[in-house]
Amino acid sequence: MIRLSIPLRQALARLSLPLMIAAAFGVMLLGKADTLLAERLRTHLSDALSPIYAALAEPMAAVRSAVEEVQELGRLRADNAQLREDNERLRRWHASALALETENDMLRRQLNFLPEAAPAFVTARVVADGGGTYARAVLLATGPQHSIRKGQVALDERGFVGRVTEVGTRSARVLLATDMNSRVPVTLEASRARAIMAGNNGARPRLAHWPEGVIPVDGERIVTSAEAGAFPAGLPVGIVRMSPQGSPEVELFARLDRLDSVRLFDYGLRGIIPPEAVARPEPRQSRR
């Protein structure tokens, strides 16, 4: 190994940067002067380096695959822990549900409780959104011989959707719970207080007219009320959410923005009077 003196090493260190800059300019000038020669040099350099790149690519791919497998194992471990926790929670709920079912059966036998008949229902496909008299409504396609009538309750797989307001020979229109013309009597499940869920053409209807001394709690479950005979009691509607202004709103269980089909239930209620059944005042007789 050749030993260089300190002054010589300092001189070479000072000259290395100018030499590299001069070499770079030389390569640039050579490339501008002879494009074909520069292209050949790049081609030969690529041919020489491609086997090295190919040899390096395999271990890099193996390392990348190993890292991804380790990350996937970490995710699977976290998912398994979450699933075990969910299963444990479901076991507790299952045990509670069995105990409550047994208790309810015993109480029904003691009280000679007569269960309500299961309501009849039909399923219809949503073919259009909006249109008609209302801003928030959907149009359903029905068969030529159907049993749909005004006032029937529309539900999806999650909960309350709205009610039927128009019926044709092959179609029906459902007024959604978010429309500003929608007024649904509801019950706050925790406090058992009655209220009105009023649509506002937004994603979350607002709560109104709850009793004095009752404060809706964020996260409280909302179900339908049987007041006025318009809706059956106990249909799942949503949960209470507080708006930024502090007023209670209802986050619906139903996905109204993704309705594909709805079920129309006939509970035999006649609380909603059809418009044509409203009596009109007779004209006054003219005085002579």
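Here the structure is shown first, and the text comes after it.
No experiment lies behind these values; they were computed from the predicted model shown.

Chemist: Outline the overall build of the chain, listing residues and values.
Modeler: Looking only at helices and strands, the chain has two helices and 12 strands in total. What you see in the chain, going N to C, is helices and strands ordered as α-α-β-β-β-β-β-β-β-β-β-β-β-β. Residues counted as buried form 24% of the 288 residues belonging to the chain. Within the structure as shown, the chain displays about 21000 Å² of accessible surface, and the carbon and sulfur contribution to it stands at 58%.

Chemist: Please give an account of unusual backbone geometry that cites residues and values.
Modeler: Of note, the phi angle at Arg-192 is positive, near 60°, even though the residue is not glycine. By the element assignment, Arg-192 lies in the loop between strand 6 (183-188) and strand 7 (193-198). Even without glycine at this site, Ala-228 takes up a positive phi of about 65°. Take Ala-228: it is sitting in the loop between strand 9 (221-224) and strand 10 (236-242). Taking the relative accessible area as the measure of exposure, Ala-228 reaches 68% and is therefore exposed.

Chemist: Go over the pairing of strand 9, please, and point to the residues and values.
Modeler: Looking along a regular strand, one sees side chains alternate from face to face of the sheet. Across three bridges, the pairing between strand 6 and strand 9 is antiparallel. Note on strand 9: the bridge partner recorded for Leu-188 is Ile-222.

Chemist: Can you lay out a nonpolar patch on the surface for me, pointing to particular residues and giving the numbers?
Modeler: On the surface, Leu-17, Ile-21, Phe-25 and Met-28 cluster together into a nonpolar patch covering about 430 Å² of accessible area. With respect to the helices, strands and loops of the structure, Ile-21 is situated in helix 1 (residues 6-33). A relative accessible area of 41% means that Ile-21 is categorised as partly exposed.

Chemist: Lay out the pattern of salt bridges with the relevant residues and their values.
Modeler: Considering all chains together, one arrives at 13 salt bridges under this definition. Between Glu-72 and Arg-75 there is a salt bridge, and its shortest N-O distance comes to 2.7 Å. Taken together, the residues Glu-72 and Arg-75, both in helix 2 (residues 35-111) and three residues apart, mark about one turn of the helix. Relative accessible area serves as the criterion here: at 35%, Glu-72 is assigned to the partly exposed category. Under the relative-accessibility criterion, Arg-75 is labelled partly exposed at 44%. In this structure, Arg-241 and Asp-218 form a salt bridge, with 3.3 Å as the shortest nitrogen-oxygen distance.

Chemist: Describe in detail the nonpolar core, supporting the description with residues and values.
Modeler: Grouped together as the largest cluster of nonpolar side chains are 36 residues, with contacts concentrated most on Leu-140, Phe-160, Val-174, Met-197, Leu-207, Leu-259 and Leu-264. Ignoring sequence-local partners within four residues, the contact set of Val-174 consists of Arg-136, Ala-137, Val-138, Leu-140, Ala-154, Gly-162, Arg-163, Val-164 and Leu-264.

Chemist: Requested: an account of the sheet that holds strand 1 (residues 120-129), with residues and values cited.
Modeler: What the six strands build is a closed barrel, ordered 1-2-5-4-3-12; its pairing is antiparallel. Taking each pair of neighbouring strands and ignoring which way they run, the sheet shows an average axis angle of 45°. With three bridges joining them, strand 3 (residues 153-155) and strand 4 (residues 160-167) adopt antiparallel strand pairing. Paired with Leu-155 across the two strands is Phe-160, which belongs to strand 4.

Chemist: Could you give an account of the pairing of strand 2 (residues 137-141), with specific residues and numbers?
Modeler: The pairing of strand 1 with strand 2 spans four bridges and is antiparallel. When the bridges of strand 2 are listed, Arg-125 appears paired with Ala-141. Relative to strand 5 (residues 171-176), strand 2 runs antiparallel, the two being bridged by five bridges. The residue bridging Ala-137 from the neighbouring strand is Leu-175, located in strand 5.

Chemist: Break down the side chain of Ser-243 for me, with residues and values.
Modeler: If you trace the backbone, Ser-243 turns up in the loop between strand 10 and strand 11 (248-252). One polar contact links Ser-243 to Ser-247, side chain to side chain, over a distance of 2.7 Å.

Chemist: For the packing of aromatic side chains, give the residues involved together with the corresponding values.
Modeler: Tallying each qualifying case throughout the model produces three aromatic pairs. Both rings, one in Phe-265 and one in Tyr-267, keep their centres 5.9 Å apart while their planes meet at 25°; by these two values the pair is stacked. Owing to a relative accessible area of 9%, Phe-265 belongs among the buried residues under this scheme. When the ring centre of Phe-121 is taken as origin, the NZ or CZ atom of Arg-263, which lies over that ring, is 6.0 Å away.

What counts, and where the lines are drawn
Residue indices begin from 1 for each chain and proceed along its sequence in written order. For a predicted model such as this one, the threshold for reporting local features is a pLDDT of at least 70, and the threshold for listing and counting side-chain atom pairs is 80 or more; totals across whole chains, interfaces and linings nevertheless cover every residue. Side-chain calculation: all heavy atoms of the structure are included, whereas hydrogens and water are not. Helix and strand assignments follow DSSP, with helices taken as H or I runs no shorter than four residues and strands as E runs no shorter than two, numbered in order from the N terminus. For each residue, the accessible area found with a 1.4 Å probe, counting protein chains only, is set against the maximum for its type, and the residue is called buried under 20%, exposed over 50%, and partly exposed in between. Method for areas: the Shrake-Rupley scheme with a 1.4 Å probe, in which residue coverage is limited to the protein chains shown. The pairing criterion is simple: DSSP has to find at least two bridges between the two strands. Patch membership is restricted to residues that have no salt bridge and whose relative accessible area is over 30%. Joining uses 9 Å for like charges and 5 Å for the nonpolar side chains Val, Leu, Ile, Met, Phe, Trp and Tyr. Here a salt bridge means any side-chain nitrogen of Lys or Arg lying within 4 Å of a carboxyl oxygen belonging to Asp or Glu. Throughout, nonpolar core names a set of buried Ala, Val, Leu, Ile, Met, Phe, Trp, Tyr and Cys residues whose side chains join them through atoms within 4.5 Å. Should any heavy atoms of two residues lie within 4.5 Å, those residues are considered in contact. The angle between two axes is taken between their N-to-C directions and runs from 0 to 180 degrees, where each axis is a line fitted to C-alpha atoms and a helix contributes only its stretch in contact. Two N or O atoms form a polar contact when they lie within 3.5 Å of each other; inside protein one atom must be a possible hydrogen donor and the other a possible acceptor, and for residues adjacent in sequence the pair counts only when both atoms belong to side chains. Aromatic pairs are defined between Phe, Tyr and Trp rings, using the six-membered ring for Trp, whenever the two ring centres lie within 6.5 Å; interplanar angles under 30 degrees are classed as stacked, those over 60 as edge-to-face, and all others as tilted. Criterion for a charge above a ring: Arg CZ or Lys NZ at most 6 Å from the ring centre, at most 35 degrees from the ring normal.

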